[in-house]
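Residue-level structural notes
Chain by chain, the residues run as shown.
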Amino acid sequence: MNQTRRQMIKTLSSVLAGVGMSGEAWASQPPDTINMNKEQRGNRYQNMTRDAYLALPGVCFTTLYSHLPQLLTHSRTQPVVLIDIYDFNRLQGRVVRERENQNVQTRGAITTALRRRGILRPIDYARYYPAESQHRHLHRYRAALESLPDHVNQQAASQTLDSYADFGRGDYQKPFRAALGNWDVNIEKLQQLATHHRRIERGRGDPARFNEDIFAQYIAALEIRSRVNRHLDLNVVGVLGQGEQEGISTILRSAELEFDDDVLALSSGKQSIKQIGRPAPSQTAAYHDLFENVARTAREVTGTQHDDWYILGSRLAAPLLPDLFTQLNGLNGIHQDTDLIVAEVEQILDHLDTEATEHKPSHLTYEAERIAEEQNTSHQTDEIAEQLGTAADLAHYSDDLREIADLGIFSPASVFVAASIKMDPNHRYNKDELYRRAITLQSRLAQGAVSDAEAEFFDNRGGFKRGGKGQDWYHTNNRQRRPTIAH
């Protein structure tokens, strides 16, 4: 871990400035981590297409967002993360319905901010995965699974569960999940994974069906990636996997199955799925460790007590404001005049900026040097000092937003819009943007809540990894897309 942290600090200027990590740093990663070879980099610059990653259908938003610092530093230009519009709408449905759920509201705020900046791009996955392709892939894979000895299916399922538990719900994510209020839920689901794992190792359960459900999720993403690269002006670097490809490779190798090279890209002999990668957990942990150190120092030097932001880089800080979310709860639309909301937001933002400027600490260089030393490097002190300045501003915003909300002078909607703008501490806004954000919030609060059944279906979409049956659209011949938000 110390070596990893040294490497991360050496590329800190890239994190803070928003440019890419060097090829040498990435070359030292494990082979299944996200990578770009020289040919891909050359084609990108030649064609001027934008780099993109493709998230799995049924994506775990918390895991995806915990890796944002690493993903957004990987490219020289701001990359795109593609997700299924179906998953995007299902999360928004929960945001509307569960207004007191800190975890859901924070993920919703991050999702909205990333979409607004063009980093997160929802597309209709079903459009790029024809039903006939799905039926053909699943039929061939099912036949392969049925032809294998039970111990091979059992081995593959065990490999998948092991690697998913480490990557998808590992301890390296604890700072982020704990900040969101999601860590206890994560522990509960880890226990369910362990129970399912023990059942499979003891020869119980249905490992073949489990392997089929995992494959359905991954082959859908690979097929979509292949078609997106042909039809959209994007260079999809790869699929953001969750460490589960080892189990799939075991099945493919044992069954001697062959698929189209442009879909699975099976390498000779090893049959590894080269188009699936994952961020390196050790590097994600190093980022979280660094930003946690910066945030803690910023609170100490400013004298603020509350930890109302989780820093995910110099251009994104997730708001952890449960009281503000609660104040929005129960508002079925905002009957307040939009002009008044905008005027209030302008006053709040002016106050926040003035207070932050007047009280910015003047001795951040010393603290930056200390952090650099603790992170096993003496370099990049200026960049750490800049990040500390941003974190100090966030600390001041936190206290001021709490005070403004408690006074009740401004509407909860106005305070919320102001906080959403400060998610990007360096952002410059104009009045048109304030109107757009106010109208968007009004529209969202006016939407009807989704049913309990639909919200539960979305929350349990990954339940097949804990012993349930895969029921999402890419698992079954019934490709019905179950909406969870009113349009």
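Computed from a predicted structure; not experimentally measured. (Residues numbered from 1 in each chain as written. Predicted model: local features only at pLDDT ≥ 70, side-chain atom pairs only at ≥ 80, totals over all residues. Heavy atoms only, no water.)

1. With respect to the overall build of the protein
Looking only at helices and strands, the protein has 23 helices and seven strands in total. When the 487 residues of the protein are sorted by exposure, 57% land in the buried category. Per element, the accessible surface of the protein, about 20,700 Å² overall, is 45% carbon and sulfur. (Helix = DSSP H or I, 4+ residues; strand = E, 2+ residues; numbered from the N terminus. Buried < 20%, exposed > 50% of the residue type's maximum accessible area, 1.4 Å probe, protein only. Areas by Shrake-Rupley, 256 points an atom, 1.4 Å probe, with all protein chains shown as cover.)

2. Regarding the nonpolar core
With 113 residues, the main nonpolar core has Tyr65, Leu82 and Ile110 as its most contacted residues. Considering every element that reaches this core, the biggest residue donor is helix α13 (residues 207-231), with eleven residues. For Leu82, the contacting residues outside a window of four places in its chain are Tyr53, Leu54, Ala55, Arg121, Ile123, Tyr125, Val228, Leu234 and Val236. (Core = buried A, V, L, I, M, F, W, Y, C linked by side-chain atoms within 4.5 Å. Contact = heavy atoms within 4.5 Å.)

3. Looking at the packing of aromatic side chains
According to the stated counting rule, one finds seven aromatic pairs in the structure shown. Each member of the aromatic cluster is reached from another via a ring pair, and the members are Tyr129, Trp473 and Tyr474. The residue whose ring lies beneath Arg90 is Tyr86, and the NZ or CZ to ring-centre distance is 4.0 Å. A cation over a ring is seen here: Lys465 above Tyr164, with NZ or CZ 4.2 Å from the ring centre. (Phe/Tyr/Trp six-rings, centres within 6.5 Å; stacked < 30°, edge-to-face > 60°. Lys NZ or Arg CZ within 6 Å of the ring centre and 35° of its normal.)

4. Some points on the pattern of salt bridges
Per the counting criterion, the structure on display carries 13 salt bridges. Measuring nitrogen to oxygen at the nearest pair gives 2.8 Å for the salt bridge that ties Glu374 to Arg370. Of the two residues, Glu374 and Arg370 both sit in helix α19 (residues 364-374), four residues apart, roughly one turn of that helix. The exposure class of Glu374 is partly exposed, given its relative accessible area of 44%. Put simply, Asp87, Arg90 and Asp472 are held in one network by salt bridges that share partners. (Salt bridge = Lys/Arg side-chain N within 4 Å of Asp/Glu carboxyl O.)

5. Overview of the sheet that holds strand β2 (residues 80-84)
Taken in spatial order, the five strands of this open sheet run β3-β2-β1-β4-β5, and their pairing is parallel. Unpaired on one side and paired on the other, β3 (120-123) and β5 (276-277) mark the two borders of the sheet. Here six bridges tie strand β1 (residues 50-55) to strand β4 (residues 234-240), and the two strands are oriented parallel to one another. Counted as the bridge partner of Ala52 is Val236 from β4. Contacts from helix α7 (residues 85-97) reach β2 and β3 within the one sheet, and its direction differs from that of β2 by about 80°. (Pairing = 2+ DSSP bridges. Axes fitted to C-alpha atoms, helices over the stretch in contact; angles between N-to-C directions.)

6. Digging into empty space enclosed by the protein
Throughout the structure, instances matching the rule amount to five cavities of 30 Å³ or more. Empty space within the largest cavity amounts to approximately 110 Å³. Lining the largest cavity are 13 residues, and of these Thr63, Leu64, Leu240, Gly241 and Gln242 sit closest to its centre. Tallied by class, residues from the lining of the largest cavity come to nine nonpolar, four polar and no charged. Taken together, Ala295, Arg299, His306, Asp307, Asp308, Trp309, Ile311, Ala391, Leu394, Ala395 and Ser398 form the lining of the second largest cavity. Broken down by element, the lining of the second largest cavity gets its largest block of residues, four residues, from helix α20 (residues 381-407). Residue composition of the lining of the second largest cavity, grouped by class: six nonpolar, two polar and three charged. (1 Å grid on protein atoms, 1.4 Å probe; cavity = no way out; pocket = protein on both sides within 12 Å on 5 of 7 lines; lining within 4 Å. Points joined across faces, edges and corners; volume = space filled by probe spheres on them. Nonpolar A, V, L, I, M, F, W, Y, C, P; charged D, E, K, R; others polar.)

7. Looking at the pairing of β4
Judged by how many residues are buried, β4 sits mostly within the fold: seven of seven residues are covered. Across two bridges, β4 lies against β5 in parallel orientation. When the sheet's bridge partners are listed, Leu240 is paired in β5 with Gly277.

8. Details of a positive patch on the surface
There is a patch of like positive charges on the surface, built from Arg198, Arg199, Arg202 and Arg204. Along the polypeptide, Arg199 turns up in helix α12 (residues 183-201). Using a relative accessible area of 33% as the deciding quantity, one classes Arg199 as partly exposed. (Patch = residues over 30% accessible without salt bridge, like charges linked within 9 Å, V, L, I, M, F, W, Y side chains within 5 Å. Lys, Arg positive; Asp, Glu negative; His and termini not counted. Charge placed at Lys NZ, Arg CZ, Asp CG, Glu CD.)

9. Brief notes about the packing of α13 against helix α14 (residues 245-255)
Contact geometry of α13 with α14 gives a least axis separation of 10 Å together with a crossing angle of 105°. By the criterion of interaxial angle, the relationship of α13 to α14 is roughly perpendicular. On the side of α13, the interface is formed by Asn211, Ile214, Phe215 and Tyr218, while α14 contributes Gln245, Ile248 and Ile251. (Parallel < 35°, antiparallel > 145°, perpendicular 65-115°, else oblique.)

10. Structural notes on a negative patch on the surface
Taken together, Asp162, Asp166, Glu201 and Glu246 make up a surface patch of like negative charges. Structurally, the position occupied by Glu201 is in helix α12. Residue classification places Glu201 among the partly exposed residues on the basis of a relative accessible area of 48%.

11. Remarks on the side chain of Arg466
Mapping Arg466 onto the fold places it in the segment after α23 (452-459). Only 2.9 Å separates the side chain of Arg466 from the side chain of Gln192, close enough to count as a polar contact. Residues contacting Arg466, with those up to four places away along its chain left out, are Arg169, Lys189, Gln192, Leu193, His196 and Asn460. (Polar contact = N/O pair within 3.5 Å; in protein donor to acceptor, adjacent residues only side chain to side chain.)

12. Some words on the confidence of the model for the protein
For any part of a model where pLDDT is low, the fine detail of the predicted coordinates should not be relied upon. Mean pLDDT over the protein works out to 78, with 77% of the residues at or above the 70 mark. Across residues 35-47 the pLDDT falls below 50, and counting only partners more than four positions away or on other chains, this stretch makes 19 contacts in the model. Every residue in residues 265-272 is under pLDDT 50, and counting partners more than four places away or in other chains gives 20 contacts. (pLDDT = per-residue confidence, 0-100.)

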